[in-house]
Amino acid sequence: MNNREVFSVLGIFDSAQSLMRAIPEVKSGAAAKLEAYTPYPVHGLDEALGLRKSPIAGMVLVMAVIGSIAALGLEFWTSGVDYPQVTAGKPYFSWEAFVPIMFELTVLFAAFTAGLGMLLLLNRLPFFRHPMLAARSMPLITRDKFALAVEAGGKTIDVEEISALLRDSGAASVEVVESPPVHGLASPRFFFRVLIAIAIACCVAGYATYWAMKLFPKAIPMVHMLDQPRLGPQQGNTFFTDGSGMRMPVEGTVSRISIPYTVDEQEDPSAMGNPLPRTAPVLGRGRQLFNDYCSVCHGILGNGETTLTAAYEAKPTNLLSKNIAALTDGSMYHVIMKGKNSMPSYSADLSQDERWAVLHYVRVLQRALDAKDEDVSSAQKE
Ligand code: HEC
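Only a predicted model underlies this, so the values are computations on that prediction, with no experimental measurement involved. (Residues numbered from 1 in each chain as written. Predicted model: local features only at pLDDT ≥ 70, side-chain atom pairs only at ≥ 80, totals over all residues. Heavy atoms only, no water.)

### Some words on the layout of surface pockets
(1) Moving on: In this structure, the largest pocket spans a volume of roughly 1,200 Å³.
(2) Moving on: Those elements that provide at least two residues to the lining of the largest pocket are β1 (6–13), β2 (33–37) and α4 (95–122).
(3) Moving on: It is β2 that contributes the most residues to the lining of the largest pocket, four residues altogether.
(4) Moving on: Of the residues belonging to the lining of the largest pocket, the class tally is 17 nonpolar, eight polar and eight charged.
(5) Moving on: A domain split of the lining of the largest pocket shows at least three residues from each of domain 1 (1–181) and domain 2 (184–226).
(6) Moving on: Considering only enclosed or pocket space, the second largest pocket measures out at about 680 Å³ in volume.
(7) Moving on: In terms of lining, the second largest pocket is formed by 27 residues, of which the most central are H298, T317, L319, V335 and M343.
(8) Moving on: Only α8 (280–298), α11 (329–338) and α12 (352–368) provide two or more residues apiece to the lining of the second largest pocket.
(9) Moving on: Counting residues per element, the lining of the second largest pocket draws most heavily on α8, at five residues.
(10) Moving on: The class makeup of the residues in the lining of the second largest pocket is 20 nonpolar, five polar and two charged. (1 Å grid on protein atoms, 1.4 Å probe; cavity = no way out; pocket = protein on both sides within 12 Å on 5 of 7 lines; lining within 4 Å. Points joined across faces, edges and corners; volume = space filled by probe spheres on them. Helix = DSSP H or I, 4+ residues; strand = E, 2+ residues; numbered from the N terminus. Nonpolar A, V, L, I, M, F, W, Y, C, P; charged D, E, K, R; others polar. Domains from an automatic or database assignment.)

### Topic: the pattern of salt bridges
(1) Moving on: A complete count under the given rule lists eight salt bridges for this structure.
(2) Moving on: Across the pair E354 and R285 runs a salt bridge, and its minimum N-O distance is 2.8 Å. One end of the pair, E354, is in helix α12; the other, R285, is in helix α8, with 69 residues separating them in the sequence.
(3) Moving on: Residue classification places R285 among the partly exposed positions, given a relative accessible area of 40%. (Salt bridge = Lys/Arg side-chain N within 4 Å of Asp/Glu carboxyl O. Buried < 20%, exposed > 50% of the residue type's maximum accessible area, 1.4 Å probe, protein only.)

### Section: the sheet that holds strand β3 (residues 146–151)
(1) Moving on: Pairing is antiparallel across the open sheet formed by four strands, whose spatial order is β2-β3-β1-β4. Because the sheet does not close on itself, it has two edges, and the strands there are β2 and β4 (173–178). With direction set aside, neighbouring strand axes in the sheet form an average angle of 25°.
(2) Moving on: With six bridges joining them, β1 and β4 adopt antiparallel strand pairing. Within β4, the residue paired with S8 across the bridge is V177.
(3) Moving on: Sheet strands touched by helix α1 (residues 16–29): β1, β2 and β3. Its angle to β3, the strand with the most contacts, is close to 20°. (Pairing = 2+ DSSP bridges. Axes fitted to C-alpha atoms, helices over the stretch in contact; angles between N-to-C directions. Contact = heavy atoms within 4.5 Å.)

### As for α12
(1) Moving on: The terminal C-alpha atoms of α12 lie 25 Å apart, and with 17 residues this matches the ideal 24 Å at 1.5 Å per residue to within 8%.
(2) Moving on: When α12 is considered as a whole, its buried residues turn out to be E354, R355, W356, A357, V358, L359, H360, Y361, V362, L365 and Q366.
(3) Moving on: Packing partners of the buried residues in α12 comprise α8, α10 (322–325) and α11. (Expected span 1.5 Å × (residues − 1).)

### A word on the environment of Y333
(1) Moving on: You can see Y333 is positioned in helix α11.
(2) Moving on: Given a relative accessible area of 3%, Y333 falls into the buried group.

None of this, on its own, says anything about what the molecule does.
Written as structure tokens, this is what we have:
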């Protein structure tokens with residue numbers, strides 16, 4: 001024997017039956033790890049070799065549970081503790097809203113555990129040069145012979161004794177498989193070093209780019225939007241007779257999205273009437289918009305009772321009160337346009353028709369407080 005390490009001693013058998021018969025004998029005779037190589041799957045081989053069930057299922061279960069708990073904890077902390085914010089009038093800890101992220105992290109943790117756990121941990125990959133690939137008997141084993149290997153597993157084993165044991169238990173021939181010479185470039189350690197080097201290089205490159213752009217703001221990465229023939233504000237231009245680059249809209253132009261609100265100039269905004277018909281679609285739209293924009297403060301019923309009250313002790317106006325019910329549509333429209341004290345303006349969020357639709361719905365809420373029989377029958381007619 002030369003001084004290379006022994007990887008395993010192979011006993012070559014002529015049939016699956018003789019291999020199966022030999023296993024108990026070799027198992028009791030040699031206190032080393034056994035492995036079998038066969039050209040096709042042999043029933044009962046796993047049990048005979050005493051292979052345990054793969055622990056991957058358990059690992060995946062544990063990591064999946066950790067994944068969903070981690071997601072729940074993260075969401076609870078971010079939206080309930082670190083930056084508490086009322087979203088759509090729900091309590092801070094609304095687990096129902098957290099379910100999608102919990103599902104994602106559960107799947108993520110489980111998938112990575114299954115993939116990486118199997119490849120790196122259980123299969124010990126990357127394993128670039130399996131010693132068996134260099135065994136002389138390998139071509140036979142992939143054809144019609146059966147091999148039982150007694151693996152050294154890094155320790156020294158008595159090759160003579162094990163060869164004799166394999167022969168005694170029916171092996172037709174015996175081969176000693178040596179560990180391959182260690183190749184620097186093909187070793188897993190080198191592989192991991194390259195991975196770590198790439199990871200470090202990526203971090204350094206990202207960080208360097210970040211700081212370069214921060215320190216030298218002129219070095220904008222993408223300039224094709226800026227770099228185009230154009231006139232800056234206040235820049236002169238000889239194309240027009242007045243020599244100015246900035247142009248006014250053609251006289252009489254009306255913007256398509258913001259119709260000018262000229263109530264300020266009117267004597268009395270309260271005189272404006274609601275121009276929208278009170279139809280079912282308009283009321284439906286009004287309810288949707290009220291729930292989206294106004295209910296956070298005024299409450300879903302308009303009575304000023306919201307989660308805001310509990311969280312910030314704020315008490316926005318009760319829109320059902322007598323005073324507000326007595327306001328004209330025009331005055332309320334003015335409040336939506338201009339805001340009032342701590343109520344912000346909603347002129348940018350709602351279009352003209354949307355503002356009037358919301359007001360129709362506010363009237364419905366007010367009327368529902370004291371509904372009459374005729375309201376039900378007239379609603380059916382409408
Ligand atoms: C950010 C919270 C908030 C939102 C959102 C909000 N409001 Fe208000 N609103 C208030 C507060 C606060 C007042 C009381 C203002 C005051 O009188 O000082 C008020 C007052 C009003 C009044 C009474 C004005 C008056 O003359 O007394 C009306 C009508 C009204 N809101 C309608 C609406 C409508 C319609 C919406 C949705 C488009 C809306 N509000 C959205 C906070 C809000």
